[in-house]
Amino acid sequence: MVGIFIALLICPQPSVRSQTCDTTTLRAIEREAVRAPMGYTWLEWSTRSIGHRLTGSANGRRAEESADSLFRVAGMRHVAFSPFQATAWQRYSAGISFAGPDGVPVPCPTVALAMTPDSADIRALVVDVGNGLATDFDSLDRAVHGAIALVNLHLSNAPPGAVNLHRSEKVALAIQHGAIGVVFANAVDGGVLLTGTASVTNQPIAIPAVCIGKEDAARLRERLVMDKPVHAHITMRNSSIPITARNVLATLHGTDKAEDVIVVGGHLDSWDLATGATDNGIGSYSIIDLARCYVALGLRPRRTIVFALFMGEEQGLLGSTALVNEWARSGQLDHVKCMINLDMSGDPSGFNAFGPEHLRTLVSKAQQDMRALDTTYAARASDAPWLHSDHQPFMLHGVATLNPICDLGERVYRCYHSDCDDLRLVDPAVMASNVQRVGEMLWLLANADDLPDHFKDEELRSRLVAGGLEEKLRLHGEWRW
Ligand SMILES: [Zn+2]
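Bear in mind the structure is a predicted one, so any value in this text is a computation, not a measurement. Residue positions are given per chain, counting from 1 as you read along its sequence in written order. Only residues with pLDDT of at least 70 get local features here, since the model is predicted, and only at 80 or more are side-chain atom pairs given and counted; chain-wide, interface and lining totals rely on the full set of residues.

**Side note on the overall build of the protein chain**
Numbered from the N terminus, helices here are DSSP runs of H or I no shorter than four residues, and strands are runs of E no shorter than two. Secondary structure assignment for the protein chain yields 15 helices and 14 strands. Each radius of gyration is computed over the set of C-alpha atoms, and the globule rule expresses the reference value as 2.2 Å times the number of residues to the power 0.38. In terms of overall dimensions, the protein chain is globule-like: its C-alpha atoms have a radius of gyration of 23 Å, near the 23 Å expected for 481 residues. Overall size of the protein chain, expressed as C-alpha extent along the three principal axes, is 80 × 50 × 45 Å. The exposure label follows from counting other C-beta atoms within 10 Å of a residue's C-beta, where the C-beta atoms are placed from the backbone and the thresholds are 20 or more for buried and 12 or fewer for exposed, leaving partly exposed in between. When the 481 residues of the protein chain are sorted by exposure, 53% land in the buried category. By the criterion used throughout, residues are in contact when their C-beta atoms, derived from the backbone, lie within 7 Å. Sequence-distant contacts, at least 24 apart, represent 81% of the contacts inside the protein chain between residues at least 6 apart.

**Topic: the pairing of strand E8 (residues 231–252)**
Only strands that DSSP links by at least two bridges are regarded as paired with each other. Here strand E1 (residues 78–99) runs beside E8; their pairing, made up of 20 bridges, is antiparallel. By the bridge assignment for E8, Arg-91 is matched with Asn-238. The sheet contact formed by strand E4 (residues 119–128) and E8 spans seven bridges and is antiparallel. Note that in E8 the partner of Ala-124 across the bridge is Ala-232.

**What to know about the packing of helix H10 (residues 357–373) against helix H13 (residues 428–446)**
How two helices pack is summed up by the angle between their axes together with the distance between the axes. Throughout, an axis means a line fitted to C-alpha atoms (over the contacting stretch in the case of helices), and angles, computed between N-to-C directions, take values from 0 to 180 degrees. With their axes 10 Å apart at the nearest point, H10 and H13 run at an angle of 130 degrees to one another. Comparing their axes, H13 and H10 come out oblique. The interaxial crossing formed by H10 with H13 has right-handed handedness. In contact with Leu-362, Ala-366, Asp-369 and Met-370 of H10, H13 contributes Glu-440, Met-441, Leu-444 and Leu-445. Each residue gets one label: Ala, Val, Leu, Ile, Met, Phe, Trp, Tyr, Cys and Pro are nonpolar, Asp, Glu, Lys and Arg are charged, and the others, such as Gly, are polar. Taken together, the residues of the contact of H10 with H13 break down into six nonpolar, no polar and two charged. For classification purposes, angles smaller than 35 degrees are called roughly parallel, those larger than 145 roughly antiparallel, those between 65 and 115 roughly perpendicular, and all remaining angles oblique. Crossing handedness: left-handed means the near helix sits turned counterclockwise from the far one by under a right angle, and right-handed means the same turn made clockwise.

**Some words on the packing of helix H8 (residues 277–297) against H13**
Two elements in contact, H8 and H13, have axes separated by 9 Å at closest approach and are oriented at 55 degrees. When the interaxial angle is binned, H8 and H13 end up oblique. Classified by chirality, the crossing of H13 by H8 is right-handed. Between H8 and H13, the residues in contact are Ile-282, Tyr-285, Ser-286, Asp-289, Leu-290 and Cys-293 and Val-430, Met-431, Asn-434, Val-435, Val-438 and Gly-439, respectively. Grouping the constituent residues of the contact of H8 with H13 by class yields eight nonpolar, three polar and one charged.

**A look at the domain arrangement of the protein chain**
The domains assigned to the protein chain are domain 1 (11–87 + 242–476) and domain 2 (90–239). Put simply, the middle of domain 1 and the middle of domain 2, counted by C-alpha atoms, are 33 Å apart. Opposite the 19 residues of domain 1 that make contact, domain 2 presents 21 residues. It is helix H15 (residues 470–476) that provides the largest number of residues to the side of domain 1 that touches domain 2, a total of three residues. Each residue belonging to the side of domain 1 that touches domain 2 can be placed in one class, and the counts come to six nonpolar, nine polar and four charged. Residue ranges labeled as domains rest on an automatic or database domain assignment.

**Side note on the environment of Leu-475**
Note that Leu-475 resides in helix H15. Classification of Leu-475 by C-beta neighbours within 10 Å gives buried; the count is 21. Spatially, the C-alpha atoms of Leu-475 and Thr-235 are 27 Å apart, while their sequence positions differ by 240 residues.

**Overview of the pairing of strand E11 (residues 336–341)**
The element E11 is extensively covered by neighbouring structure, given that six of its six residues are classed as buried. Relative to E11, strand E9 (residues 257–267) is paired through five bridges, and the arrangement is parallel. Each bridged residue has a counterpart across the sheet, and for Val-263 the counterpart in E11 is Met-339. When E11 meets strand E14 (residues 400–405), the two strands line up parallel, connected through three bridges.

**Structural notes on the nonpolar core**
Residues Ala-149, Val-210 and Val-264 are the most contacted members of the largest nonpolar core, which totals 142 residues. Looking at which domains feed residues into this core, each of domain 1 (11–87 + 242–476) and domain 2 (90–239) gives three or more. Discounting residues that sit within four places of it in the chain, Val-264 has contacts with Ile-287, Leu-290, Ile-305, Phe-307, Ala-308, Ile-340, Val-438 and Leu-442. Any nonpolar core is a set of buried residues, restricted to Ala, Val, Leu, Ile, Met, Phe, Trp, Tyr and Cys, that join up through C-beta atoms within 7 Å. Core analysis: the second largest hydrophobic core is formed by five residues, Phe-455, Leu-460, Leu-464 and Leu-469 among them.

**Regarding unusual backbone geometry**
With omega at 5 degrees, the peptide bond leading from Asp-279 into Asn-280 counts as cis. Not every positive phi belongs to a glycine, and His-388 is a case in point at roughly 75 degrees. One can find His-388 in the loop between strand E13 (380–382) and helix H11 (391–396).

**Considerations on helix H7 (residues 214–225)**
In this model H7 runs 16 Å from its N-terminal to its C-terminal C-alpha over 12 residues, within 8% of the 16 Å that 1.5 Å per residue would give. For H7, the set of buried residues is Asp-216, Ala-217 and Leu-220. What you see down the axis of H7 is that its buried residues fit within an arc of 100 degrees, all on one side. In H7, those exposed residues whose orientation departs by more than 90 degrees from the buried face are Ala-218, Glu-222 and Val-225. Packing partners of the buried residues in H7 comprise E1, strand E2 (105–108), E4, strand E5 (148–152), strand E6 (181–185) and strand E7 (209–212). Asp-227 sits one or two positions beyond H7 and adopts a positive phi of about 60 degrees. A helix's residues, less one, multiplied by 1.5 Å, set its expected span. As used here, the arc belongs to the directions running from the helix axis to the C-beta atoms.

**Comments concerning the environment of Arg-167**
Note that Arg-167 resides in helix H6 (residues 167–176). For Arg-167, a count of 25 C-beta atoms within 10 Å corresponds to the buried category. Considered as a pair, Arg-167 and Ala-198 are 31 residues apart in the sequence and their alpha carbons are 6.2 Å apart. Setting aside its immediate chain neighbours within four residues, Arg-167 contacts Leu-113, Leu-153, Phe-184, Gly-196 and Ala-198.

Here it is, written out as structure tokens:
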């Protein structure tokens, strides 16, 4: 509590913040983040009491409601749901079998990827498309037509400089080349199966796509390299129904620059194979704890901060896209100066900042201030654009975006989108560190004298091209230049 009073005493006027004042507040944030962290406790409760947080499911609705309650418990007074319409996909069953050498089908453990058809029952030859990049499909000419494409999720023996595509982009290529099904080969030892959306458009796709384990894929390939044709049989049943889901927004009003907004967001929803403790429990419950930390310290930033928990991220950035579109229509997006996205964030070692030049200067200065207080902070910096998380719709509207640079370790990443993404993987300290590092960066940006306007459209275009995103955005139908 002492830190609160020191901060309030030394910083009576929000508009006249000296370096000393910021230093005091940063120290107070650091203390509060580690003194009484609640993020892990809330995440633990959520994984035990709710389970997964799939958008459109009863669990998803409970997660929305409990996030609303937790923001209020954290002391936030302006908390609201922001509903949106979406197509909610849910799995019922999926199966795959490969005809053995004697023609007898041998079933293989599998899971369906999301946005696949409500029902499918197909039999076809398996064609190995390797890494599933555009060049891989092109080299096979028409061999994929009418076949089931076997594709690596991760790059394997790729040519130098090759850049992997998202699974949904590989499915889009498979459909373009006439495949009637896709089998993804995971790269994780131990038969781990991965789910995730297979659609670049957020709409259900026309062909089944499933994932099989690394070892089963290797056995299948052993047969294929002997030039033995292998037939596969894929079945699945899912449902895609229109639903209303809700983002949860908690607002901390600013002082002399209150019309400017910084969004600190992350997705609350998860896949249904496990509890999504790391994707993205650690990010979303850290955000609620960050709000608690600011309230506990009595912090009043110059700019308004919106703490945003999005639903529907996993099914295609549905909640964040709906919010950005709504704010673009109302003109509110013009006031959003920056979006900080926490997706699988833990123990940040720096920040990736994608924005006009002036943003990088500000972030770099903020990193120096943070490092001056704590020399263990690596203050890593990068400025790369990237896709497939909730900053994307903000970024494509020209808003500057930040994300913490993190390394959660192989133990976590092997369970990404899999049935092992549970609380055992979460270290409470990495969540407290989220609150500290993001809380410090947020404070410095929210009180900066000036933040850059949105990207000029032509500058955004050239930065996206330089970042290698043109091909991907074209596959998504989101390349507007
Ligand atoms: Zn995620």
